[in-house]
Amino acid sequence: MYADIDRQKLIPGLATEGFWDWNLKTNIIYLSPRYCELTGCIPEDPWFDKGFVDMLTLPDDHQKFFLSISKHLQGKTDVSILDYKMILSDGSALWIESRCRIAELDENKRISRIVGTVANITERNQAGQELHKLNRALLTISACNQALLHADNEAELLQDICRIVVETGGYRMAWVGYAEDDDEKSVRPVAQAGNAKDYLETLNISWADIERGQGPTGRAIRTGKACSTRNMLTDQSFLPWRMSAIQCGYASAQSLPLISDHKVFGALNIYSGLEDAFNVEETELLSSLAENLAYGITMLKTRKAHELAEEKLRQSEARYRSLFQNKHTVMLIIDPADGAIVDANPAAVTFYGWKYDELCNMNIAGINTMSDREIKAEMQRSLNRKCNCFGFRHRLADGSIRDVEVVSGPISIEEKQLLYSIVNDITERKQFQELLLESNERMHFIMAATNAGFWEHDIASNVQIWSDELWPLYGLELHSCTPSYENWLKTVIPEERETIERSARKAIDSGSEFNCMWRVSDADGRERWLMSKGTPQKDSDGRLLRHVGIVIDITDRKKEEENKQQLESSLRKSQRLETIGTLAGGIAHDFNNILMPILGYAEMGVNSIENKNPLHDCFLEIMLAAERARNLVAQILTFSRTQESEPSVVSVQSVIAEALKLLRPSIPATITIEQQIDNNCRNILADPSQIHQVIVNLCTNAFHAMEISGGVMTLMLREMLPDADMLKTLPGLPARWYVQLSVTDTGTGMDEATMERIFEPFFTTKSVNKGTGLGLSVVHGIIKSYKGAITVDSRPEKGTSFRIYLPVIDKPVPDAAIKGTATAGNGSILFVDDEKATIKMMTMMLSRLGYQICAFCSPREALERFRQRPDHFDLVITDLTMPEMNGITLAAELHKTRPYLPVILMTGYGKNLGYDTLNQSGICKLLKKPLKMTELSAAIKEVISGRNS
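These notes cover the structure that comes with them. All of these numbers come straight from a predicted model, not from anything done at the bench. Along each chain, the written sequence defines residue order, and numbers are assigned to residues from 1. Reporting in this predicted model follows two pLDDT cut-offs: at least 70 for local features of residues, and 80 or more for side-chain atom pairs to be given and counted; totals over whole chains, interfaces and linings ignore these cut-offs and use all residues. By convention in this description, side-chain values take in all heavy atoms of the structure and omit both hydrogens and water.

### Regarding the overall build of the chain
Okay, step 1: Counting secondary structure elements, the chain contains 29 helices and 33 strands.
Okay, step 2: Exposure classes here rest on a 1.4 Å probe applied to the protein chains alone. A residue is buried below 20% of its type maximum, exposed above 50%, and partly exposed in between. Put simply, the chain has 949 residues, and 43% of those count as buried.
Okay, step 3: Residues count as neighbours in contact if any of their non-hydrogen atoms are within 4.5 Å of one another. Sequence separation of 24 or more characterises 57% of the internal contacts of the chain that already satisfy a separation of 6 or more.
Okay, step 4: The method behind every accessible area is Shrake-Rupley, applied with a 1.4 Å probe, and residues are considered shielded solely by the protein chains displayed. Split by element, the accessible area of the chain, about 51300 Å² in all, is 52% carbon and sulfur. Secondary structure elements are defined from DSSP: runs of H or I of at least 4 residues count as helices, runs of E of at least 2 residues count as strands, and each element is numbered from the N terminus.

### Observations concerning unusual backbone geometry
In most cases, non-glycine residues show a negative phi, while peptide bonds are predominantly trans.
Okay, step 1: Cis geometry is found at the peptide bond from Lys-929 to Pro-930, where omega equals -15 degrees.
Okay, step 2: Checked against the element boundaries, Pro-930 lands in the loop between strand S33 (925-928) and helix H29 (933-948).
Okay, step 3: Unlike most non-glycine residues, Lys-185 shows phi in positive territory, near 50 degrees.
Okay, step 4: Among the structural elements, Lys-185 can be located in the loop between strand S7 (173-179) and strand S8 (187-194).
Okay, step 5: The exposure class of Lys-185 is partly exposed, given its relative accessible area of 35%.
Okay, step 6: The backbone phi angle of Asp-261 is positive, close to 55 degrees, even though this residue is not glycine.
Okay, step 7: With respect to the helices and strands, Asp-261 occurs in the loop between strand S10 (252-260) and strand S11 (263-272).

### Details of the side chain of Glu-603
Okay, step 1: Note on placement: Glu-603 falls in helix H18 (residues 555-608).
Okay, step 2: Asp and Glu count as negative and Lys and Arg as positive, but His and the ends of the chain are not part of the count. A carboxyl oxygen of Asp or Glu within 4 Å of a side-chain nitrogen of Lys or Arg is what we treat as a salt bridge. Buried within the structure, Glu-603 lacks any salt-bridge partner; its nearest side chain of opposite charge belongs to Lys-932, at an N-O separation of 5.0 Å.
Okay, step 3: Setting aside residues up to four positions removed in sequence, Glu-603 forms contacts with Met-623, Lys-932, Met-933 and Thr-934.

### A look at the sheet that holds strand S29 (residues 827-832)
Okay, step 1: Paired strands are those between which DSSP finds at least two bridges. Spatial strand order, S30-S29-S31-S32-S33: 5 strands in an open sheet with parallel pairing. Each having just a single partner strand, strand S30 (851-856) and S33 make up the two edges of the open sheet. Direction aside, the axes of adjacent strands within the sheet are offset by 20 degrees on average.
Okay, step 2: Fitted lines through C-alpha atoms give the axes, limited to the stretch in contact for helices. The angle between two N-to-C directions lies from 0 to 180 degrees. The sheet contacts of helix H25 (residues 836-848) involve S29, S30, strand S31 (875-879) and strand S32 (903-907), and relative to S30 the element is tilted by about 170 degrees.

### What about the pairing of strand S6 (residues 111-120)?
Okay, step 1: Most of S6 sits inside the fold, with 9 of its 10 residues counted as buried.
Okay, step 2: Alignment of strand S5 (residues 93-105) against S6, held across 9 bridges, turns out to be antiparallel. Residue pairing for S6: Leu-105 is matched across the bridge by Ile-111.
Okay, step 3: Linking two consecutive strands that pair antiparallel, namely S5 and S6, is a turn of 5 residues; a positive phi of about 65 degrees is found at Lys-109 within it.

### Focus on the side chain of Glu-378
Okay, step 1: Note that Glu-378 resides in helix H13 (residues 372-383).
Okay, step 2: Every residue in contact with Glu-378, bar those within four places of it in the chain, is listed here: Met-370, Phe-390 and Phe-392.

### Remarks on helix H7 (residues 216-223)
Okay, step 1: Buried within H7 we find Pro-216, Thr-217, Gly-218, Ala-220 and Ile-221.
Okay, step 2: Those residues of H7 hidden inside the fold are in contact with S7, S8, strand S9 (227-229), S10 and S11.
Okay, step 3: Positive phi appears at Gly-224, one or two residues downstream of H7, with a value of about 75 degrees.

### Examining the environment of Glu-284
Okay, step 1: Relative to the helices and strands, Glu-284 is located in helix H9 (residues 280-315).
Okay, step 2: Given a relative accessible area of 53%, Glu-284 falls into the exposed group.
Okay, step 3: Sequence separation of Glu-284 and Ala-226 is 58 residues, and the distance between their C-alpha atoms is 9.0 Å.

### Considerations on the packing of helix H20 (residues 652-663) against helix H21 (residues 688-705)
Okay, step 1: Interhelical geometry of H20 versus H21 gives an angle of 50 degrees and a closest axis separation of 9 Å. As the angle between them shows, H20 and H21 are arranged oblique. With respect to the hand of their crossing, H20 and H21 are arranged in right-handed fashion. Where H20 approaches H21, its residues Val-655, Ile-656, Glu-658, Ala-659, Leu-660, Leu-662 and Leu-663 are matched on the opposing element by Pro-688, Ile-691, His-692, Ile-695, Val-696, Cys-699 and Thr-700. Working rule for angles: under 35 degrees goes down as roughly parallel, over 145 as roughly antiparallel, 65 to 115 as roughly perpendicular, anything else as oblique. Throughout, a crossing is termed right-handed when the near helix is turned clockwise from the far one, and left-handed when it is turned anticlockwise from it by less than a right angle.

### A look at the sheet that holds strand S21 (residues 544-553)
Okay, step 1: An order of S18-S17-S21-S20-S19 is seen for the 5 strands of this open sheet, with the pairing classed as antiparallel. What marks the edges here is a single partner per strand, and that holds for strand S18 (464-466) and strand S19 (514-521). Across the sheet, the axes of successive neighbouring strands diverge by a mean angle of 20 degrees, strand direction being ignored.
Okay, step 2: The sheet contact formed by strand S20 (residues 527-538) and S21 spans 9 bridges and is antiparallel. Residue Lys-533 lies in a different strand from S21, and its bridge partner there is Ile-550.

Here you go:
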């Protein structure tokens with residue numbers, strides 16, 4: 001057997017191409033690796049029989065392939081060159097060029113072996129086919145242009161064009177249709193050639209936007225653009241004509257609009273038996289053919305019209321003179337050779353202002369403002385019938401300039417070729433057009449500046465007109481769809497579409513104004529608010545003709561309204577809480593006065609009775625209950641922001657750690673506590689016990705929300721600077737740095753109605769033994785007292801998140817001071833309080849502490865007694881709020897008699913009066929009701945010791 005290197009010597013180029021070696025004695029064929037690669041299969045053995053080659057060759061090319069080989073074997077050709085299609089392993093086909101030659105003769109000089117090459121020429125063939133199609137199209141255009149040049153009859157021209165397209169272009173059928181202006185907007189076939197049979201008789205094509213107008217012909221006429229059906233079997237728009245087209249052997253079609261003066265009057269339609277037969281280059285060439293045809297048709301129509309006009313002109317020359325003397329229409333007769341005015345009618349004399357003899361001795365250049373060269377060129381155009389309507393500026397006898405429209409053409413008078421000119425003064429009309437254009441531009445400018453657009457809806461045709469400004473308002477690209485009632489409704493968000501459609505239908509049915517607001521969605525998903533007002537226009541009988549209206553973007557206005565409503569809601573909520581806080585403060589004051597004797601008597605009872613005595617435990621329980629009541633009142637006063645404490649520098653991180661250490665044992669293992677604490681956050685100025693109370697209350701609420709199902713409680717602390725949007729939602733929050741403390745749970749969540757009331761005191765959704773309803777109201781009061789803010793975000797079954805904002809300070813936390821304890825003493829005390837129960841209890845308590853007490857319910861009586869013996873008393877203890885005069889006024893009156901008398905002020909309110917107020921009034925100490933005996937004795941000791949020192 002032969003090696004590949006031996007075969008390469010027989011045929012040059014084998015190294016770069018696939019090749020084969022056919023042994024005619026054994027009928028075995030060797031295929032090179034490159035050959036096998038072309039087929040798409042890589043066999044282990046490169047030797048095949050003739051049947052394998054038969055299988056690789058397209059059945060239609062079998063005879064051509066083996067006939068070429070046979071001729072070569074008979075010695076009729078030196079080298080056999082053949083193009084055929086080879087089937088690949090995946091079922092596709094390649095164009096192959098095969099070259100073969102005789103390689104060996106046997107001992108009888110007969111051919112025993114031939115070799116050959118194969119090369120893939122698919123791309124070359126495709127390029128050749130495309131080139132052939134383009135050449136064919138060019139030949140078609142050339143032949144059609146020749147027909148256009150020699151045409152003098154419209155019907156014959158159309159028939160010739162269709163015939164040339166079929167015969168020269170190789171298409172299956174061609175026809176020309178004219179667009180009718182009837183109610184159905186039908187397309188009338190006027191010429192055809194090719195395999196048409198009865199196809200055109202059953203077309204019933206329309207150029208309206210209906211089902212029978214969706215084919216390439218209807219779309220081309222409607223849009224003025226070339227349209228095609230690439231595959232009639234699959235193109236649904238071709239469904240009405242599919243069966244008839246398939247019976248005629250059509251597979252694809254192209255329609256090319258015939259346009260004259262920017263108006264489509266028909267279409268040239270070309271049908272092919274091949275799918276997707278029209279590529280871009282061929283479409284461009286055929287489009288130029290359609291343009292030439294449209295121009296030829298127009299020229300023939302114009303020529304025919306000119307011929308009729310000339311005939312009529314010749315027949316009416318006698319009558320022309322009488323018409324020329326018309327006194328209302330300006331007419332001139334001009335010699336095109338030199339521009340001399342030959343004749344002028346009376347209307348021309350009146351219009352121009354010169355006498356008849358003066359006018360007839362003038363040249364048209366004395367009237368027309370154009371240059372002599374331009375005037376001569378225009379007269380030549382008119383004389384050659386290339387143009388018969390002109391726009392000029394003519395000069396009058398008084399020197400003024402007028403805009404005129406001149407209709408001019410050749411006329412034969414006394415066998416001399418002249419030009420007639422009918423002159424119409426259009427100065428006012430042109431000025432009006434310019435004003436109209438300016439007004440239109442101004443209107444569009446106003447629309448763009450106000451973010452508005454206008455629309456018009458014709459009721460009879462259901463056609464809408466949208467201004468250019470309206471498209472972006474609807475969230476659409478300019479001219480991306482047909483303006484229509486349906487397409488407008490599609491721009492409305494789905495949840496409002498039905499309501500808006502009812503409003504629009506009601507306006508149409510009743511002929512009333514259309515007033516509506518709706519939302520649209522942009523491509524990026526952003527919603528915008530639009531408002532429209534449409535005014536009805538009716539005929540004389542009151543029937544609705546159309547609605548004309550305007551659309552305005554009111555998104556910003558809507559946002560302002562929403563912000564305003566949100567601010568009003570926040571203000572109402574703040575005012576309601578403030579009112580409730582004021583009421584709570586008053587109740588707490590009275591309750592403190594009630595608790596004062598209860599706690600005092602209970603404490604004295606505990607101290608007076610031995611532990612073994614059963615009454616000891618009773619008094620102890622009373623005292624503990626009173627202390628719990630005192631703490632509850634303190635919470636009420638905190639909510640009302642009348643309970644004040646001395647603020648200090650607080651590390652929120654430390655308070656969180658202490659609170660969680662306290663809470664963790666009481667929280668079940670089913671609840672996970674996550675912390676996202678920024679340890680770099682600065683400190684705040686507050687009462688640490690109150691911040692501790694805030695954290696405990698919020699965490700307790702979160703725990704209760706997840707007590708049954710379990711979940712995750714997340715505490716996050718970070719420092720932040722609120723942005724403009726946040727400051728709008730929290731109007732009382734100054735722009736400065738804050739610590740943001742968030743407590744988030746994954747529990748049951750809350751609805752809107754519950755969130756409206758969560759900061760109200762005594763409002764709770766928990767069971768009786770789960771809380772008093774004061775937790776969140778106290779939190780709200782504490783946060784507001786430190787000029788902070790609190791927000792809540794919650795949804796049912798989605799959990800709740802509380803966010804607290806407190807202003808930061810740039811100060812470190814000071815070292816804690818060690819406080820001493822008070823002891824009992826002796827001395828004379830003047831006690832004043834309007835509550836008799838308090839008077840009685842304090843008399844007993846102070847006596848037990850070793851003091852002599854003189855007690856009064858009336859400040860005036862106490863003042864009178866003091867004035868009688870001012871040096872008898874070592875200390876005055878007075879209530880703040882009393883009927884006759886308050887404690888501060890009483891202290892002032894006492895100091896008039898004895899300036900340095902120590903005074904202790906007691907109050908049931910939680911409000912601190914401030915150091916300046918107390919100092920100015922000479923008050924040494926402020927005590928808050930109810931108070932225990934140890935607190936009272938310590939305060940008295942501190943005041944008396946301070947006076948003695």
